[in-house]
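The primary structure of each chain is shown beneath.
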Amino acid sequence: MQAMIQFPDISPEIFSISLFGMEFALRWYALAYIAGIVIAWRLAVTALKAPQLWPGQKPPMQPAQVEDLLTWIIIGVILGGRLGFVLFYQPGYYLSHPAEILRIWQGGMAFHGGLIGVIVASWAYAGRHGIAKIQMADLVAYTVPPGLLLGRLANFINAELWGRPTDLSWGVAFPTQSAQACGQALGEICARHPSQLYEAALEGLILGGLLLWLTWRRHSLKRPGLNLGVFLAGYGMARFLVEFFRQPDAQFVSPDNPLGLAWHLGGYGLTMGQMLSLPMIALGLYFALRHKPKQEQAA
């Protein structure tokens, strides 16, 4: 019998209450968003209150402005994430059903679209208030990984976005019917890569730890663009790698394309997540490497 891990018995809902004949529930996924925003807010405020971290000991904005910035960013995440999902993953369907584009509560958000939304929103806020855009981007990039960590853990609790089938001992038997549709023999249980946990470790713990170390130990905020570059390249490489283990998007899967590659030639190609990550990696390397430390420049 194949060794595997049984999915833990955790409800997606933390609690629910009935009021006036309606059911209201707090879900782990919603709590992950809330906690991620609160942590990002505190990380940003703490960095802005430490002038020694910034060029000329001058933070680009006041700590009190972070709350206003978060409002812009939340709007950017929602609009960008939804439009990204519509345009990148199911444009044909939503062109035929445009009214469903607004039905966010039915699911369907794309990280890469949300990232674009955050960039547009934060840069618009910076332009409106005369804040240096690259320095703001560095600040935002440093605060994002905790939210990614919590969001991926919530994906795991929801038993969604699981990975490809595996016979490795840490494969997880996810309980949903679609997760068990692995083409296995009748009565056998399908184990899958817990790709949500892979992403939580790479995008949240490792990338977040690196950015904390760079910010507080190496004073990376004094090199405008470095934090932004490390985040973009780090996330892009992590996502590119994990895509080899994630279950492909159903809309790209066909009998001739079982791996769900968005672009392929002769059986080789890239998933949509990998295609969207490549520009992130390139842009991240550009921002991270464009400014050398002063001692290197002098040499």
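Let me sum up the structure you'll find in this document.

Each value, and the rule that gives it
- Residues numbered from 1 in each chain as written.
- Predicted model: local features only at pLDDT ≥ 70, side-chain atom pairs only at ≥ 80, totals over all residues.
- Heavy atoms only, no water.
- Axes fitted to C-alpha atoms, helices over the stretch in contact; angles between N-to-C directions.
- Helix = DSSP H or I, 4+ residues; strand = E, 2+ residues; numbered from the N terminus.
- Parallel < 35°, antiparallel > 145°, perpendicular 65-115°, else oblique.
- Left-handed = near helix turned anticlockwise from the far one by under 90°.
- Contact = heavy atoms within 4.5 Å.
- Nonpolar A, V, L, I, M, F, W, Y, C, P; charged D, E, K, R; others polar.
- Expected span 1.5 Å × (residues − 1).
- Buried < 20%, exposed > 50% of the residue type's maximum accessible area, 1.4 Å probe, protein only.

Take the packing of helix α1 (residues 28-48) against helix α2 (residues 66-88) next. Interhelical geometry of α1 versus α2 gives an angle of 140° and a closest axis separation of 11 Å. Between α1 and α2, the angle is such that the two are oblique. The interaxial crossing formed by α1 with α2 has right-handed handedness. Residues Tyr33, Ile37, Trp41, Ala44, Val45 and Leu48 of α1 form the contact with α2, whose own contacting residues are Val66, Glu67, Leu70, Ile74 and Val77. Class assignment of the residues belonging to the contact of α1 with α2 gives a composition of 10 nonpolar, no polar and one charged.

This part is about α1. Counted at 1.5 Å a residue, the expected span for α1 with its 21 residues is 30 Å, and the 30 Å between its end C-alpha atoms agrees. Three or more residues of α1 are buried, namely Ala32, Gly36, Ala40, Leu43, Ala44, Val45, Ala47 and Leu48. Looking at the buried residues of α1, the elements they touch are α2, α5 (133-143), α6 (145-157) and α7 (195-216).

For the rest of this paragraph, the subject is the environment of Met136. Checked against the element boundaries, Met136 lands in helix α5. You can call Met136 buried: its relative accessible area is 0%. Non-local contacts of Met136, meaning those with residues more than four positions away in its chain, are made with Met61, Leu69, Ser122, Tyr125, Ala126 and Ile131.

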